[in-house]
Amino acid sequence: MSYDWNLSLLWDYRVAFTDGLIVTLQLTGVTILFGTIIGYVLGVVLSIKSSLLAPVRAIIYLYMAFFGWLPLLVLMVWMYYFLPVLVGIRMTGLTVAYIALSLNLSAFIADVIRGAIAEIPRSYIEAGKSIGMPFLLILRRVVFPEIVRISLPAMVALYINQFKWTTLASVLAVTELLHTANTIMIQTYRSLEAYTAIAFIYLVVVGLGNLAYFQLQRMEFFKQRA
């Protein structure tokens, strides 16, 4: 069965596609920033074996289970209706998407950081102490660089997936790429053109992200050991 492609539609709606891409990139960037910050803090706390922090670690594991195990689409829709009841303020779909995506990512980041810290040889820290390095300097010069090196592959995979997960925000009427394509399809009845366009955009952006990752791996910082 042949299909009469109307590729001029892509040019006619170029502004809409551009705006949708901007919203998608904003969602990705902001949620990666906050998800990473929260996840790093939680991961570091989980790696501290002090018995005094046992209740805190238990709460963090519950946090990770809740925000990590729930399907992200379910989490978004649930938070969209639950948060206004909790805080008494009606939130936009975009605000809820920011919160849900950030918290979901932080749960996975926390586990990655916890695992990365566990892989750092204890001898690295002991070597720093033996030459008189202060604890904060050991963290800055030894521990944190090793965390970055060890966690890099997993973090990049999470960040790329975060870009793709933003499509779920379309159910909250957030005007990202998928919602834009849906709107264009409803207006023009040209579904193949609209969805092919966003598929191409995602392939290009994810491809560029992977290319940047491969270049990053070649940097001396990620080759050397502490």
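The following paragraphs examine the structure supplied in this document. (Residues numbered from 1 in each chain as written. Predicted model: local features only at pLDDT ≥ 70, side-chain atom pairs only at ≥ 80, totals over all residues. Heavy atoms only, no water.)

## Comments concerning the pattern of salt bridges
Stated precisely, the cut-off is as follows: Counted as salt bridges are all cases of a side-chain nitrogen of Lys or Arg within 4 Å of a carboxyl oxygen of Asp or Glu. Helix and strand definitions follow DSSP, with helices as H or I runs of at least four residues and strands as E runs of at least two, each counted in order from the N terminus. Burial classes: relative accessible area under 20% of the type maximum marks a residue as buried, over 50% as exposed, and values in between as partly exposed (1.4 Å probe, protein chains only).
Under the defined criterion, the tally for this structure stands at 3 salt bridges. Taking the shortest distance from any N to any O, the salt bridge between Asp111 and Arg114 comes out at 2.9 Å. One end of the pair is Asp111 and the other is Arg114, both in helix 5 (residues 93–119) and 3 residues apart, which spans about a single turn. For Asp111, a relative accessible area of 36% translates into the label partly exposed. We classify Arg114 as partly exposed; its relative accessible area is 28%. A salt bridge links Arg149 to Glu146; the nearest nitrogen and oxygen atoms lie 2.7 Å apart. Here Glu146 and Arg149 lie together in helix 7 (residues 135–165), a separation of 3 residues that amounts to about one turn. An identical accessibility class is assigned to Arg149 and Glu146; each is buried.

## Some remarks on the environment of Thr18
Mapped onto the secondary structure, Thr18 falls in helix 2 (residues 14–47). Classification of Thr18 by relative accessible area gives partly exposed; the value is 43%. The sequence separation of Thr18 and Glu176 amounts to 158 residues, and the corresponding C-alpha distance is 9.6 Å.

## A word on a nonpolar patch on the surface
This is how it is decided: Patch definition: residues above 30% relative accessible area lacking any salt bridge, with like charges linked at up to 9 Å and the nonpolar side chains Val, Leu, Ile, Met, Phe, Trp and Tyr linked at up to 5 Å. To be clear on the numbers: accessible area is Shrake-Rupley with a 1.4 Å probe, and residue cover counts the displayed protein chains and nothing else.
A contiguous nonpolar patch, built from Phe66, Val74, Trp78, Phe82, Leu86, Val87 and Ile89 and spanning about 630 Å² of accessible area, is present on the exposed surface. The element contributing the most residues to the nonpolar patch is helix 4 (residues 72–87), with 5 residues. Note on placement: Phe66 falls in helix 3 (residues 54–69).

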